[in-house]
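What follows is each chain in one-letter form.
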Amino acid sequence: MSVNIKFFGNLAEVTGLDQITMDHASPVFDSAILKEKLKNIYPALGACKFAIAVNQTVTSGNQDIHDGDEVALLPPYAGG
Amino acid sequence: MKKTHKAHSFFVDGAISFAHITKIIAKHATNPEIGAHSIFLGQVRNDKAGEKTVSEIHYSAYREMAEKEFLKIENEIREQYEITCLHILHSEGKVQAGEVSLFAMVSAKHRENTFGILKELVDRIKKRVPIWKKEIFSDGTHRWIQ
């Protein structure tokens, strides 16, 4: 399994990364598992507000994640 | 059938220039069906935080998703309302205080419709398009706006 996870806005600053890849060594089967794993790796994420998008669609509730999916962590939007 | 816009980017690198804005407005002279244009310009404000003043904003976006969402909003508005034309531009990267970072324009036969539709358009952009802003203060420090 290989899932690419992108960080945007202040989350890229908090993690120090634009993106990471989670593979078979640390598989993520749904967005709740992903959230827990990321908060373990980057404890500062625990204090951040964000939504999760899978393949460029924002999830509501827990959503399955599949091999090859593009996942993104999105802080509250501030366009304009 | 209403036409949908062809693929193009909604993003501009840095500030949106008045030359760019003027060019878009001027193009509509060729369409005498239009009776009214409503235009919104978002400008970077020199907000204060204690002693510090914002000198510029750095805009970043989830580019692929943002382009799709802009197009979706544009097509929704075209479907939902009787308008002739609609334009959206948004900055990516650095924009100085006083410069323009968002341009939205709605054109229709009559003015009554355009004010409300323009507000709806800007509200949807702010709510749904994945864009973030980092305010840079004149001393070089910054804060994220959420």
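Asker: Got a minute to help me understand the nonpolar core in this structure?
Answerer: Here is a general trend for soluble globular proteins: nonpolar side chains tend to be buried in one another's company. F70, I88 and L121 of chain B are the most contacted members of the largest nonpolar core, which totals 27 residues. Sorting the residues of this core by element identifies β4 (52–61), α2 (63–80), β5 (85–96), β6 (100–108), α3 (111–128) and β7 (131–137) of chain B as the ones contributing at least two each. Considering each element in turn, this core owes the most residues, 5 residues, to α3 of chain B. With near-sequence residues (within four places) excluded, F70 of chain B lies in contact with F10, F11, I88, H90, I125, V129 and I131 of chain B. Among the nonpolar cores identified, the runner-up in size contains 19 residues, and L45, C48, F50 and V71 of chain A belong to it.

Asker: Would you mind going over unusual backbone geometry with me for this structure?
Answerer: The phi angle of most residues is negative, glycine excepted, and most peptide bonds adopt the trans form. All names here are of chain A. Within the chain, N55 stands out as a residue other than glycine whose phi angle is a positive 50°. Inspection of the secondary structure assignment puts N55 in the loop between β3 (51–54) and β4 (57–58). One non-glycine residue with positive phi stands out, namely Q56, at about 70°. Residue placement: Q56 occurs in the loop between β3 and β4. Q56 gets classed as buried once you look at its relative accessible area, which sits at 16%.

Asker: Can you walk me through the sheet that holds strand β2 (residues 19–22) of chain A in this structure?
Answerer: Hydrogen bonding along the main chain pairs the strands of a sheet, whether they run parallel or antiparallel. All names here are of chain A. On the basis of which strands lie adjacent, the open sheet formed by 5 strands has the order β2-β1-β5-β3-β4 and mixed pairing. With one partner strand each, in any of the chains shown, β2 and β4 form the two edges of the open sheet. Looking at chain direction, strand β1 (residues 3–7) and β2 are connected through 4 bridges and run antiparallel. Among the inter-strand pairings, N4 is bridged to a residue of β2, identified as T21. Set on the sheet, helix α2 (residues 31–41) makes contact with β1, β2, β3 and β5 (70–74); between it and β2 the angle comes to about 115°.

Asker: In this structure, what is going on with the layout of surface pockets? I would like to understand it.
Answerer: Space inside the second largest pocket adds up to approximately 210 Å³. Considering the residues around the second largest pocket, the lining is formed by K6, F7, F8, G9, A12, D18 and Q19 of chain A together with H58, S60, K134 and W144 of chain B. At the level of secondary structure, the elements contributing two or more residues to the lining of the second largest pocket comprise β1 of chain A together with β4 of chain B. Taken together, the residues that form the lining of the second largest pocket break down as 4 nonpolar, 4 polar and 3 charged.

Asker: Before we go on, may I ask you to explain a nonpolar patch on the surface in this structure?
Answerer: On the surface, a cluster of nonpolar side chains totalling about 330 Å² of accessible area is made up of F18, I25, I39 and L41 of chain B. Secondary-structure assignment places I39 of chain B in strand β2 (residues 36–43).

Asker: Would you mind showing me how to read the interface of chain A and chain B here?
Answerer: Accessible area lost on assembly of the parts is the figure often given for the size of an interface. Each partner contributes to the interface: chain A provides 17 residues, whereas chain B provides 22 residues. Contact with chain B buries surface across chain A, with Q56, Y77 and G80 of chain A losing the most and accounting together for 39% of the total. Looking at the side of chain A that touches chain B, the element that brings in the most residues is β5 of chain A, giving 3 residues. A class-by-class count of the residues in the side of chain A that touches chain B yields 9 nonpolar, 5 polar and 3 charged.

Procedures and definitions
Residues numbered from 1 in each chain as written. Chains lettered and ligands numbered in written order. Predicted model: local features only at pLDDT ≥ 70, side-chain atom pairs only at ≥ 80, totals over all residues. Heavy atoms only, no water. Core = buried A, V, L, I, M, F, W, Y, C linked by side-chain atoms within 4.5 Å. Buried < 20%, exposed > 50% of the residue type's maximum accessible area, 1.4 Å probe, protein only. Helix = DSSP H or I, 4+ residues; strand = E, 2+ residues; numbered from the N terminus. Contact = heavy atoms within 4.5 Å. Pairing = 2+ DSSP bridges. Axes fitted to C-alpha atoms, helices over the stretch in contact; angles between N-to-C directions. 1 Å grid on protein atoms, 1.4 Å probe; cavity = no way out; pocket = protein on both sides within 12 Å on 5 of 7 lines; lining within 4 Å. Points joined across faces, edges and corners; volume = space filled by probe spheres on them. Nonpolar A, V, L, I, M, F, W, Y, C, P; charged D, E, K, R; others polar. Patch = residues over 30% accessible without salt bridge, like charges linked within 9 Å, V, L, I, M, F, W, Y side chains within 5 Å. Areas by Shrake-Rupley, 256 points an atom, 1.4 Å probe, with all protein chains shown as cover. Salt bridge = Lys/Arg side-chain N within 4 Å of Asp/Glu carboxyl O. Buried area = accessible area lost by both parts, 1.4 Å probe.

Fair warning: the whole summary comes from geometry, so function is off the table for now.
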